[in-house]
Each structure stands twice: as C-alpha cells, then as structure tokens.
Amino acid sequence: MDIAPDINPIDILYDKDSAQRQIDENGSIYGITSIEDLILNENDFNLANEFYLEEAKIIYGEDNNLTEDGLLKGIIYCLLTPMQNYSGQINGFESLLDENKDIMIDLIDDKRKLGETLKDSGIIFHVRKASYIHNLHKKWDGKNVLQSINEGIKNDRDNEIHLRKNMISEIKGFGEKTASIFLRMCGAEFLIPVDSWMVEMLSFHGYPCEMPRTSVDRVRWGQEGVISRKLRKRGLKGKPYREAEEYAFDLAEKYDVPGYLLQLAFWTKKSTYNMVEQ
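The paragraphs below set out a description of the structure included in this document. Along each chain, residues carry numbers from 1 onward, in the same order as the chain's sequence is written. Local features in this predicted model are restricted to residues whose pLDDT is 70 or higher, and side-chain atom pairs enter the listing and the counts only when it is 80 or higher, whereas totals over whole chains, interfaces and linings include all residues. Heavy atoms throughout the structure, all of them, feed into the side-chain values; hydrogens and water do not.

**Quick word on the overall build of the protein**
By the criteria applied, helices consist of DSSP H or I runs no shorter than four residues and strands consist of E runs no shorter than two, each listed in order from the N terminus. Along its length, the protein carries 13 helices and two strands. For every residue, the accessible area (1.4 Å probe, protein chains only) is compared with the maximum for its type, and the residue is labelled buried under 20%, exposed over 50%, or partly exposed between those bounds. In the protein, which comprises 278 residues, the proportion classed as buried is 47%. In short, Shrake-Rupley with a 1.4 Å probe defines the accessible areas, and a residue's cover is counted only from the protein chains shown. As displayed, the protein has an accessible area near 14800 Å², and 45% of this comes from carbon and sulfur atoms.

And the structure:
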C-alpha cells in the first residue's frame, strides 16, 4: 500500500473554515490541535488492513470460504458492538465461545444464562443484546443467509445497499452501521460502517456531518450513587447515515483507499482498540 507521506492536509478537507472551527471548538477532546493532526499515514492504513483480515477470520472457514457457522458467529459479534468499547465487545464475544472457538449453542439457547454471561463479561445493555442473540438463533436459517450474501456482495453499491436493507429487516438488533460491519467482514466493498468515530472525523474535515446526542443521567465513573447529566451520542439512521457514508467515500477517494479501510484506519487509531493488548 502506497500512501503518500507528503499529502497536503488542505487537499483532504471538505471545507477549510468549517474544519478549523470544529478543531478550535472540539479538537482538544480528540487530541486534534491542527489540520495536520487529521492526516492518516501508511502505518494507519496497514494497521487497519491487519485488523480487517483478522476480523474476517471470525466468519471465514479454513478454506477461505464463507460458512453458515461463521456467519452466525459474525452476526453475534456485531450484535455486541452498539454502545460498547472494543475490549468489552471482545470479552463478551469470547465468553460465548467454547475451546474450539465455536459458539456454545446451549448457552445462547438459554436467554437468562446468556444475559448473565454477557453481564459478567462487561457487555452494556446485556439483557437487550442477549434477547437479540437468543432470537437470532431460534430462527436462524444459515443456508439462506449464506446464499443471499454470496449473491449480494462485491457486485456494486446498489446490490450491497439492498443486501444491507434486507439484513436490517431480518435481524433484530441490526442497524445500518452494525449490518455494514458484518457485511464488511463478509467481503462487502461498497459499504462503510459509519460509527461515531467516522462521523466525528468527517466533521473535523469540514463535512456537514454531526452525530445527534440525547441528554441522559449516568452514574459518574468511580462514584457510586453520584449522578451526572451527559449527552450520549446516537447513531445515524436513514438519510443522514447515507449522506455521511457518501462523505466518507469522498474522503476515501482523496486517500485512494477503499471506504471501509478509511473507517477502520480512524477506528483503530482513535478508538479504544489501540488500548487493548493485541
């Protein structure tokens, strides 16, 4: 991969004035003090590609083909992502695997025990996510899922968007981002998981993109019983999601990389992923 080390920071911006204003107002939260801090380099994309290949192993069999069991594992892995840091997600996912790294079917068939297992491993909204996983397996039709994915990915963007819509309608707990992560793991090339990091980075580049927030009461970290008011990010849906996805494709084109790799480069660099021992 050849990412020019001397790329002009101005060339990757959508709007310089908007970008500078966003940096001045919110940059300190993300360690961004100048436009130069937004630049991704070759190492960032190499790390992103390494994670991309490693994550895909959850789904792909030893012969490098998609399998029904692998798809089930991949969906469960993705159902754990919402509002979750990476270490918690991995802990929760691994708590569902046996010694052979296969899903423990008896566990996910017992919704109460499943919920307790996810709670003990640090999964946020463990009851809701346990319900999603339990219901998924009750109506699991691996053969049809495998067929629809093999027919829908790597054709063109319209086909992959249609496939994503079907996945969202058929799998409770899936939204555009979650379904996009899953399909990326399956090899989709024309979708981008627009997570909170992607939205924030697009905003810092001057794109008219913003993550909506809801005011919630939360217990302060390390201060049991002390409640504070906080603005919680809410994921994009529908038209705002697709608009942000198009902005992400625009930025990816400036770097000359696939859109999903751009998102992973920001995610592996900025999220809690880089705090987990690999």
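Let us keep going from here.
**Quick word on the packing of aromatic side chains**
A pair of Phe, Tyr and Trp rings is counted when the ring centres sit within 6.5 Å of each other, with Trp represented by its six-membered ring. The angle between the planes then sorts it: under 30 degrees is stacked, over 60 is edge-to-face, the rest tilted. Following the criterion strictly, the structure yields twelve aromatic pairs and no others. Considering the side-chain rings of F51 and Y86, the 5.8 Å spacing of their centres and the 75° angle between planes classify their relative orientation as edge-to-face. Placement of F51 in helix α2 (residues 42-56) and of Y86 in helix α4 (residues 86-94) is noted, with a sequence separation of 35 residues between them. Judged on exposure class, the residue F51 and its partner Y86 are both buried. Joined through ring pairs, the aromatic side chains of Y14, Y207 and Y247 make up one cluster. Counting as a charge over the ring demands two things of the Lys NZ or Arg CZ atom: a distance within 6 Å of the ring centre and an angle within 35 degrees of the ring normal. Sitting above the plane of the F125 ring, R128 keeps its charged end 4.8 Å from the centroid.

**Focus: the nonpolar core**
Counting residues in each nonpolar core, the largest one holds 85 residues, and the members touching the most others are I149, F182 and L262. Looking at which element gives the most residues to this core, the answer is helix α12 (residues 238-255), with eight residues. Aside from chain neighbours lying at most four places away, what touches L262 is L40, F45, M198, A248, L251, A252, Y255 and V257. We call a set of buried Ala, Val, Leu, Ile, Met, Phe, Trp, Tyr and Cys residues a nonpolar core when their side-chain atoms join them within 4.5 Å. Only heavy atoms enter the contact rule, under which two residues are in contact if any of them lie within 4.5 Å.

**A look at helix α9 (residues 157-170)**
Spanning 14 residues, α9 covers 20 Å between terminal C-alpha atoms, matching the ideal 20 Å at 1.5 Å per step. Regarding α9, the residues found buried are R157, E160, I161, L163, R164 and M167. For α9, the arc enclosing every buried residue in end-on projection is 160°, short of the 170-degree limit, so these residues lie on one face. Facing away from the buried side of α9, by more than 90 degrees, are the exposed residues D158, K165 and S169. Contact partners of the buried residues in α9: α3 (68-79), α8 (142-152), α10 (176-186) and α12. Counted as a polar contact is a pair of N or O atoms within 3.5 Å, where, for protein atoms, one must be capable of donating a hydrogen and the other of accepting one, and residues adjacent in sequence contribute only when both atoms are in side chains. For α9, the side-chain oxygen to backbone nitrogen distance between the N-cap and D158 is 3.2 Å, and the N-cap itself is D156. Here, expected helix span is obtained from the residue count minus one, scaled by 1.5 Å. When we speak of the arc, we mean the arc of directions from the helix axis to the C-beta atoms.

**Focus on the environment of D120**
The topology assignment puts D120 in helix α6 (residues 111-120). Here the alpha-carbon distance between D120 and S95, two residues 25 residues apart in the chain, equals 9.1 Å.

**Description of a nonpolar patch on the surface**
Together, M83, I124 and F125 make up a nonpolar patch on the protein surface, roughly 240 Å² of accessible area in all. Relative to the elements of secondary structure, I124 occurs in the loop between α6 and α7 (126-138). With a relative accessible area of 36%, I124 lands in the partly exposed category. Without a salt bridge and with relative accessible area above 30%, a residue can belong to a patch; like charges are then joined within 9 Å and nonpolar side chains (Val, Leu, Ile, Met, Phe, Trp, Tyr) within 5 Å. By salt bridge we mean one thing: a side-chain nitrogen of Lys or Arg within 4 Å of a carboxyl oxygen of Asp or Glu.

**Some points on a negative patch on the surface**
Residues E68, D69, D102 and D141 make up a contiguous surface patch of negative charge. With respect to the helices and strands, the residue E68 is situated in helix α3. Classification of E68 as partly exposed rests on a relative accessible area of 34%. Only four residue types enter the charge count: Lys and Arg as positive, Asp and Glu as negative, with His and the chain ends excluded. Charge positions are represented by NZ for Lys, CZ for Arg, CG for Asp and CD for Glu.

**Here we look at α2**
Compared with an ideal rise of 1.5 Å per residue, which puts 15 residues at 21 Å, α2 spans 21 Å between its outermost C-alpha atoms and is within 8% of the ideal. Among the residues making up α2, those that are buried are D44, F45, A48, F51, Y52, E55 and A56. Taken down its axis, α2 places every buried residue within 130° of arc, on the same side. Relative to its buried face, α2 has exposed residues pointing more than 90 degrees away, namely N43 and E50. Packed against the buried residues of α2 are α3, α4, α10, α12 and α13 (259-270).

**Quick notes on the pattern of salt bridges**
Enumeration over the complete set of coordinates arrives at eight salt bridges. The partner of R112 in a salt bridge is E116, with the nearest N and O atoms 2.8 Å apart. Placement of the pair is R112 and E116 together in helix α6, with a separation of four residues, close to one helical turn. Judged by its relative accessible area of 57%, R112 falls in the exposed class. Note that R164 and E245 form a salt bridge whose closest N and O atoms lie 2.9 Å from each other. Note that R164 is positioned in helix α9 and E245 in helix α12, a separation of 81 residues in sequence. Taken as a pair, R164 and E245 share a single burial class, namely buried.

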